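Here are the chains, one letter per residue:
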Amino acid sequence: MNQILQMGANTALSSPKGYVTVSYEISNRIDISLTAFLLTDSDKVQGDSGIIFYNQPKSPSGAATLIPPEKVGNTNVHKINFDMSKATKGITKIAITLTEDNSTGFSNVKNLKAEICTDNNSVQLTPSHFTSENGIVVAELYLRNGQTKARSIWRGFNSGLEGLCENYGVEIKAEEQNKPSESITIQKQTLKEPVGAVNFPENKNKQNTKISLEKVKGKVSLDKSQRPVIIEKTPEITATVSWKTGTDYDIYALVYTKNGEQIDVAMFGAEGTTPLRSFGNGAVEHMGDVRRDSRATKTEVIKLRLNDTILAVVPVVYSAQSNGTGSFHRYKVSMSIDNHNGTSVTIFAKNANNNDRIYSCVPGILHNTEDGVMISPLDLYSKPNSEFRPKLRMGASNLVEVIMDEGPKNDYK
């Protein structure tokens, strides 16, 4: 049975267990995360296990389990499984929330909707229009007299995750400069976070920022749903892009400097941008174009000898129209960052679809910080038939952002 639930309305569910999906049209301008809060009758969490998010995807009791998001055609789908019969004593509600992490607001999110499924029953939830909100309470699953029910909420916040946390009893403490910019405390218990911290170099008009992250060693794999990591900054780091043979990809690097400039290190030019193999006396250097051959896997390499003038480096994988058709999904593109001191981080572009007319892929971004190189998985793609390069800009928290399709147009190759 299918049912449409209007905003503010509630309904009884046919089973205490099922799943919730939230879907929306894919866009390079937005980055949405789903977070669930396990709540008491007073709408407050009991402790750090009451927040379900990418770094803590399952509650100890099994009442809520977050599933990594998937691409279905031109749609992103987030999913969370629930079983209210497994809720621990005192927990009577699960709030399903969204945050837009690029700070562009939910007004830019197209075809946003949610669905609650139990047994063979489906409850459809569709919101009204949003404006500048970057945090939303989508729905609540709750217990009343032993019955599991659902309520369609769609209430927005202009303070993102911070607003949601404060709403549910999570205290966000702003610290003074040169201390962590946020510390999350739940009823005087510290929310579990990875160890390690990153200090970002000071940029004009920005305060110094410290963000707690995990510093890793050995071989590490990342995908878009995972938190960034930090590796030791060594005198020379290589960014190697690999793909299955059969097409001729070209690799270039976008460099963002402390004075706000973008430098394109590329073996081929773009509109108003001449080819540049090396920048900053070898600080970022392209090691040469690799053409079609018989090897099963092909690679191109960018060498990094990072100095204080560089804030971020973004390797870009490009497939020119003149190379013929062939999707990033088909050729299994990946990027590995190696500091040649026992640590390598690999990002697989596993979310790519089979569209043969998508020509640019950005697997991830490297931020040059005082405490190491922070590697963030992005898995971004250009619009179909777009030959325009990405553009870099300084975003929130003193982090460089990648905006697809807004740079110069690549020269025909």
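Quick caveat: nothing in here was measured; it's all calculated off a predicted structure. Residue numbers restart at each chain and count upward from 1, following the sequence in its written direction. With pLDDT at 70 or above as the cut-off, local features in this predicted model cover only qualifying residues; side-chain atom pairs require 80 or more to be listed or tallied, and sums for whole chains, interfaces and linings still use all residues. Only hydrogens and water are set aside; all other atoms, that is, all heavy atoms of the structure, feed into the side-chain values.

### Quick look at the overall build of the protein
Numbering of helices and strands runs from the N terminus, with a helix taken as a DSSP run of H or I at least four residues long and a strand as a DSSP run of E at least two residues long. Helix and strand counts for the protein stand at 1 helix and 33 strands. About 18,600 Å² of surface is accessible on the protein, with carbon and sulfur atoms providing 46% of the total. Reported accessibility uses the Shrake-Rupley method at a 1.4 Å probe radius. Residues are deemed covered only where the shown protein chains occlude them.

### Considering the nonpolar core
Counting residues in hydrophobic clusters, the biggest one holds 35 residues, and the most contacted among them are Ile80, Ile94, Leu112, Ile116 and Leu141. Leaving out residues up to four positions away in the same chain, Leu141 has contacts with Leu13, Val20, Phe82, Met84, Thr92, Lys93, Ile94, Ile116, Lys149 and Ala150. By convention a nonpolar core is built from buried Ala, Val, Leu, Ile, Met, Phe, Trp, Tyr and Cys residues, the set being connected through side-chain atoms within 4.5 Å. The classification of residues rests on relative accessible area computed with a 1.4 Å probe and restricted to protein chains. Under 20% of the type maximum is buried, over 50% is exposed, and intermediate values are partly exposed. In terms of nonpolar packing, the next biggest core, distinct from the first, is built from 34 residues, Val241, Ile251, Val265 and Val284 among them. Contacts are assigned to residue pairs that have any heavy atoms within 4.5 Å of one another.

### Brief notes about the packing of aromatic side chains
Ring pairs shown here join Phe, Tyr and Trp side chains whose ring centres sit within 6.5 Å, with only the six-membered ring taken for Trp; geometry is labelled stacked below 30 degrees between planes, edge-to-face above 60, and tilted in between. Tallied over the entire structure, the rule returns 5 aromatic pairs. Where Tyr252 meets Phe268, the ring centres are 5.7 Å apart and the plane angle is 90°; that geometry is what we call edge-to-face. Residue Tyr252 is located in strand E22 (residues 250-257), and its partner Phe268 is located in the loop between strand E23 (262-265) and strand E24 (278-279); the two are separated by 16 residues in the primary sequence. The rings of Tyr252, Phe268 and Tyr318 are connected pair by pair, giving a single aromatic cluster. Over the face of the ring belonging to Tyr19 we find Lys79, whose NZ or CZ atom lies 4.3 Å from the ring centre. Whether a charge lies above a ring is judged from NZ of Lys or CZ of Arg, which has to be within 6 Å of the ring centre and within 35 degrees of the ring normal.

### Describing helix H1 (residues 160-167)
Every buried residue belonging to H1 is among Gly160, Gly163, Leu164 and Cys165, and all of these are buried. In the segment just after H1, Gly169 is the residue with positive phi, at about 85°.

### Observations concerning the sheet that holds strand E2 (residues 10-12)
In space, the 6 strands of this open sheet follow the order E2-E12-E11-E8-E4-E5, with antiparallel pairing throughout. Whereas interior strands pair on both sides, the edge strands pair on one side only; in this sheet they are E2 and strand E5 (51-52). Bridge analysis of strand E4 (residues 32-39) against strand E8 (residues 93-100) gives 8 bridges, and the strand direction is antiparallel. Each bridged residue has a counterpart across the sheet, and for Ser33 the counterpart in E8 is Thr99. When DSSP finds at least two bridges between two strands, those strands are taken to pair.

### Let's talk about the environment of Gly272
In this fold, Gly272 is placed in the loop between E23 and E24. Put simply, Gly272 and Lys409 are 137 residues apart on the chain and 8.6 Å apart in space, counted from C-alpha to C-alpha.

### Describing the side chain of Ser23
Relative to the helices and strands, Ser23 is located in strand E3 (residues 17-25). Contacts of Ser23, omitting those with residues within four sequence positions, involve Thr75, Asn76, Val77, Asn111, Leu112 and Lys113.

### Overview of the pattern of salt bridges
Where charged atoms of side chains with opposite charge meet at close range, the side chains can pair. Think of a salt bridge as a Lys or Arg side-chain nitrogen and an Asp or Glu carboxyl oxygen that are within 4 Å of each other. Tallied over the full model, the rule gives 8 salt bridges. Measuring nitrogen to oxygen at the nearest pair gives 3.6 Å for the salt bridge that ties Glu140 to Lys93. Within this pair, whereas Glu140 is found in strand E11 (residues 135-144), its partner Lys93 is found in strand E8, the two being separated by 47 residues in sequence. Assessed through its relative accessible area of 8%, Glu140 is described here as buried. You can call Lys93 buried: its relative accessible area is 9%. When the shortest N-O distance is used, the salt bridge between Glu401 and Arg393 registers 2.9 Å.

### Quick look at the sheet that holds strand E10 (residues 121-125)
Judged by pairing direction, the sheet is mixed, and its 6 strands sit side by side in the order E1-E10-E9-E3-E7-E6 without closing on themselves. Looking at which strands have only one partner, the edges of the open sheet turn out to be strand E1 (2-5) and strand E6 (64-72). Pairwise comparison of adjacent strand axes, ignoring direction, gives a mean angle of 20° for this sheet. Of the strand pairs in this sheet, strand E9 (residues 113-118) and E10 are connected by 5 bridges, and their pairing is antiparallel. Of the residues in E10, the one forming a bridge with Glu115 is Gln124. To define axes, lines are fitted to C-alpha atoms, for helices over the stretch in contact only, and angles between the resulting N-to-C directions are given on a 0 to 180 degree scale.

### Looking at the side chain of Thr97
Assignment of secondary structure puts Thr97 in strand E8. Apart from the residues lying within four places of it in its own chain, the contact partners of Thr97 are Ser33, Leu34, Thr35, Phe37, Ile136, Val137, Val138, Leu164 and Tyr168.

### Comments concerning the confidence of the model for the protein
Every residue gets a pLDDT, meaning the predictor's confidence in that residue, from 0 to 100. On average, residues of the protein score 82 in pLDDT, and 80% of them reach the 70 mark or higher. Mean pLDDT values over the elements of the protein span from 34, in strand E15 (residues 189-190), up to 96, in E23. Considering only residues more than four positions removed or in separate chains, one finds that residues 173-197, a stretch of pLDDT under 50, has 61 contacts.

### Thoughts on the pairing of strand E21 (residues 237-244)
Two faces make up the sheet, and in a regular strand the side chains alternate between them. Most of E21 is tucked away, with 6 of its 8 residues classed as buried. The pairing of E21 with strand E26 (residues 297-304) spans 8 bridges and is antiparallel. If you follow Thr240 over to E26, its bridge partner there is Val301. Here E21 pairs with strand E28 (residues 334-338) via 5 bridges, running antiparallel. Within E28, the residue paired with Thr240 across the bridge is Ser336.

### Some details on the environment of Thr273
Note on placement: Thr273 falls in the loop between E23 and E24. Using a relative accessible area of 23% as the deciding quantity, one classes Thr273 as partly exposed. Remark: the alpha-carbon pair of Thr273 and Lys409, spanning 136 residues in sequence, is separated by 9.1 Å. Residues contacting Thr273, with those up to four places away along its chain left out, are Asp264, Arg389 and Pro408.

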